[in-house]
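Chain by chain, the residues run as shown.
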Amino acid sequence: LVLKEFLSQVRVDRYSQRYQQVISEEKYFGMPLSPVVDIEKRLRDKGSPGVAYFSMEYGLATSFYNGYSWPNKPADQNYPHQNSVFSNYRLADCSFELKSGDIIDLPIYSGGLGVLAGDTIKTFADYKLPAVGVGILWHSGYFRQKFWYKHGQVPAKMRWDPSSYPGLIPLENIIKIELPAATIFLRIWKYYVYSYSHDFAIPLILLDADLPQNNPQIRDLTDQLYRSDNAWLRIMQRIVLGYGGILALKELGYNIRIFHLNEGHAAFSFIEKCRGRSQDDIEGQKKEFVYTCHTPVEAGHDRFAQEDLKPVLRKEDFSLLQKFGIDKDNLVNLTILAINTSACVNAVSKSHQRVMSYQFPEYGDKIRYVTNGVHSYTWISSEFIKLFKRFSSVFKDIDRNPMILSRAKELKNDADFRRGLWSAHQANKSRLCDALRKWGFKEDVFTLSWARRIAAYKRPSLILHDTERLIEIAKRIGPLQIILAGKAHPQDNLGFTFINEMMDKVDSLSGHYEYLKIAILENYDLYLAKLLTESVDLWLNNPLPPFEASGTSGMKAILNGVVQLSTLDGWMVEAKDMGIGRIFGYRADDQDPRGKNFDLRMQEDSQELYSALGELAGIYYKTNNAGRVDFSSSWIDMMVDCIAAGASFNTYRMVDEYKSRVWPA
Ligand SMILES: *Cc1c(COP(=O)(O)O)cnc(C)c1O
């Protein structure tokens, strides 16, 4: 009966040939089927309208969170690749087995923005909110990073096979976007995101242009995330997400009250939503749209020449764009469009709001802030979940309520908890050291990591700026293990030079391997983010203020008691007094925080970085003297404070604030 209802709601393409085995009376790829039927019903119910969340990318960490089963062997492309390590240890061989046998994460994300979107819709599911995610099925993902020994990054295609990816199903529903010069056909795919307890699920709909009825150029639109060869391609991808998303929701009969745009990429959705409406209706439509802006960098906003858009769009659509989306340089600007066509805009941290209100003074109160967060149950390691359950009288309901982590403070002087915390951390760290055993990594050596997207403002090479000083610290205070990772966008030439610089520097340190081990890991992705944020001792975050809108990797780390070493930017402005580590470096100008002078201040800030690092290494080695641990140490105080701060920097608090500060009542 449940199955019959499911099949009447969801028209699965080639159900009996391909999916009969995995979608049965009770199960959806091994998960319970009834939550799927429930949400399909609710989203079509006129009485309880839902939320549609639009994002160009989704990082769902499907390999380690809510994994589906698939009895047939998925296509070979859906298995993880071997990744290599570039290190200053000449004797190790280059390749490093990540894990074998398991499936890759759904490869439709590039980095932080996608991970936030994934974490957000998981939280909607945990909160049992009637909601739907809207995104794109990227056939070649983002890209796969290969290193060329000593020469830097070579981007490779990341082909995968959607039709044998567990949990993902194609629908018979095909929608059509009609433009003056082209018609785009899009297939709708579905992936369900379950709550932590598997009793609720929300659909993620993914649009796919790779259909025989489209011409080759159109088929390519959903090939690669953030490919930016030319303006036409970028415009058309945004049309697919914006127009296509609205048409797909209509095709599926979903009843939506709030359209939440994650970044300006989906701003065209408003134009599609206004089709055929009167002037008054258009004003009213704005009340249903909200927009989260993620970038403080002016160059980060999507902008297009009017001449490029005019021939692509229908006349009435183009005039709406002219009305709502033109900036001071006379360009079509999707940030401006999204601000003008939504009821409320949120920046992603307090400091980002300050920057935005300087950038867009005319919008005053419309720009609020809701600091980003991370989905606790994705990012807390299983060792730490076990620890919290052992202290269940304090962490009551940790399975349902991560805000309870604030009570870690009550255990600050509990000797048993402090020991438990340390050993949970050491267990995580051993897994990391096991993966890097060939490179000589050890559990009792102070280990830190910098891992994120490679972009100039994030200053990936800051810690290598003065290698003499680094050697001096390692010799005088104690050995260091440093792990670096990150991808540079294939068109970011400056990013490439950072990777080359890092490789050169690491290579030059080969004579110092005994006390200074550095490993650059290839192909930073969700799996590596998880491994690193749960197991190093210190998380390094050194963007040049005020260019980091929020940053989230440090939030993943604090949930696992990983101490922070950071500049004062993004979320750290709000966390600076929480005792979770050390702050160093340049501070944004309070009078005008926009940061116009792009001087990376490598020399000054690296010196401050080394001083703080030396101090922290000193505390660490007083705490852990070759495996003899001083449990009263202030290092463990900081670890406890990290856990407590996790109560503030998660997506539950964030979604609560969307409800109270951003979404229409
Ligand atoms: C969390 C995450 C990011 C974001 O890190 P930032 O600290 O915000 O730069 C990027 N990439 C991956 C794979 C992540 O998991």
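The shown structure was predicted, so the numbers you read here are calculated from the model rather than taken from an experiment. (Residues numbered from 1 in each chain as written. Predicted model: local features only at pLDDT ≥ 70, side-chain atom pairs only at ≥ 80, totals over all residues. Heavy atoms only, no water.)

## Remarks on the pattern of salt bridges
Here is step 1 of the chain: Inspection of every chain in the model, using the stated rule, returns 46 salt bridges.
Here is step 2 of the chain: For the salt bridge of Lys146 with Glu522, the shortest nitrogen-to-oxygen distance reads 3.7 Å. With Lys146 in strand S7 (residues 144–148) and Glu522 in the loop between strand S20 (516–521) and helix H18 (526–533), this residue pair connects regions lying 376 residues apart in the sequence.
Here is step 3 of the chain: Residue classification places Lys146 among the partly exposed positions, given a relative accessible area of 30%. (Salt bridge = Lys/Arg side-chain N within 4 Å of Asp/Glu carboxyl O. Helix = DSSP H or I, 4+ residues; strand = E, 2+ residues; numbered from the N terminus. Buried < 20%, exposed > 50% of the residue type's maximum accessible area, 1.4 Å probe, protein only.)

## Observations concerning the packing of aromatic side chains
Here is step 1 of the chain: Enumeration over the complete set of coordinates arrives at 39 aromatic pairs.
Here is step 2 of the chain: Between Tyr68 and Tyr194, the aromatic rings sit 6.1 Å apart at their centres with planes inclined by 75 degrees, giving edge-to-face as the arrangement. Of this pair, Tyr68 sits in the loop between strand S3 (50–54) and strand S4 (83–87) while Tyr194 sits in strand S10 (residues 183–194), and the two are 126 residues apart along the sequence. The two residues Tyr68 and Tyr194 agree in class, both being buried.
Here is step 3 of the chain: Measuring from ring centre to ring centre gives 6.0 Å for Phe395 and Phe417, while their planes differ by 40 degrees; the resulting arrangement is tilted. Note that Phe395 is positioned in the loop between helix H14 (382–390) and helix H15 (415–435) and Phe417 in helix H15, a separation of 22 residues in sequence. Neither residue differs from the other here; Phe395 and Phe417 are each classed as buried.
Here is step 4 of the chain: A network of ring pairs unites the aromatic residues Phe6, Tyr19, Tyr28, Phe29, Tyr68, Trp70, Tyr191, Tyr192 and Tyr194 as a single cluster. (Phe/Tyr/Trp six-rings, centres within 6.5 Å; stacked < 30°, edge-to-face > 60°.)

## Points about the sheet that holds strand S16 (residues 344–347)
Here is step 1 of the chain: Read from one edge of the open sheet, 9 strands run S9-S10-S11-S6-S3-S12-S13-S16-S17, paired in mixed fashion. With partners counted over all chains shown, the strands left at the sheet margins are strand S9 (168–178) and strand S17 (367–369), one partner each. Each neighbouring strand pair of the sheet contributes to a mean axis angle of 25 degrees, computed without reference to strand direction.
Here is step 2 of the chain: Note: S3 against strand S12 (residues 256–262), 5 bridges, orientation parallel. Bridging across to S12, Ala52 finds its partner in Phe259.
Here is step 3 of the chain: Seen against the sheet, helix H3 (residues 34–44) touches S3, strand S6 (131–136), S10 and strand S11 (201–208) and runs at an angle of roughly 75 degrees to S11.
Here is step 4 of the chain: This element, helix H6 (residues 231–251), spans S3, S6, S9, S10, S11 and S12 of the sheet and lies at about 110 degrees to S9. (Pairing = 2+ DSSP bridges. Axes fitted to C-alpha atoms, helices over the stretch in contact; angles between N-to-C directions. Contact = heavy atoms within 4.5 Å.)

## What about the nonpolar core?
Here is step 1 of the chain: Phe6, Ile23, Tyr28, Ile169, Tyr192, Ile239 and Leu249 are the most contacted members of the largest nonpolar core, which totals 129 residues.
Here is step 2 of the chain: Here this core gets 11 residues from one element, more than from any other, and that element is H6.
Here is step 3 of the chain: Listed in part, the 114 residues of the second largest apolar core include Ala424, Leu559, Met639 and Ile643. (Core = buried A, V, L, I, M, F, W, Y, C linked by side-chain atoms within 4.5 Å.)

## Examining the packing of H14 against H15
Here is step 1 of the chain: Taken N-terminus to C-terminus, the directions of H14 and H15 make an angle of 165 degrees; their axes are 9 Å apart at the nearest point. It follows that H14 is roughly antiparallel to H15 by the angle criterion. For the pair H14 and H15, the sense of crossing is right-handed. Of the residues in H15, those in contact with Glu383, Phe384, Leu387 and Arg390 of H14 are Asp416, Phe417, Gly420, Leu421, Ala424, His425, Ala427 and Asn428.
Here is step 2 of the chain: Residues of the contact of H14 with H15, tallied by class, amount to 6 nonpolar, 3 polar and 3 charged. (Parallel < 35°, antiparallel > 145°, perpendicular 65-115°, else oblique. Left-handed = near helix turned anticlockwise from the far one by under 90°. Nonpolar A, V, L, I, M, F, W, Y, C, P; charged D, E, K, R; others polar.)

## Here we look at the pairing of strand S8 (residues 152–156)
Here is step 1 of the chain: Note that S7 and S8 share 5 bridges and pair antiparallel. Along S8, the bridge assignment pairs Gln145 with Pro155.
Here is step 2 of the chain: Where S7 folds back on S8, the antiparallel hairpin that results is connected by 3 residues, among which Lys150 adopts a positive phi of roughly 70 degrees.

## What to know about the site of the ligand
Here is step 1 of the chain: Near the ligand there are 14 residues, and of these Lys458, Ala529, Thr552, Ser553 and Lys556 occur at the shortest range.
Here is step 2 of the chain: Within the backbone of Thr552, a nitrogen or oxygen atom sits 2.9 Å from an oxygen atom of the ligand.
Here is step 3 of the chain: Lys556 places a side-chain nitrogen or oxygen 2.6 Å from an oxygen atom of the ligand.
Here is step 4 of the chain: If you list the elements that add at least two residues to the shell around the ligand, you get helix H4 (112–126), H18 and helix H19 (553–558).
Here is step 5 of the chain: Across the shell around the ligand, the residue classes break down as 5 nonpolar, 5 polar and 4 charged. (Near = heavy atom within 4 Å. Polar contact = N/O pair within 3.5 Å; in protein donor to acceptor, adjacent residues only side chain to side chain.)

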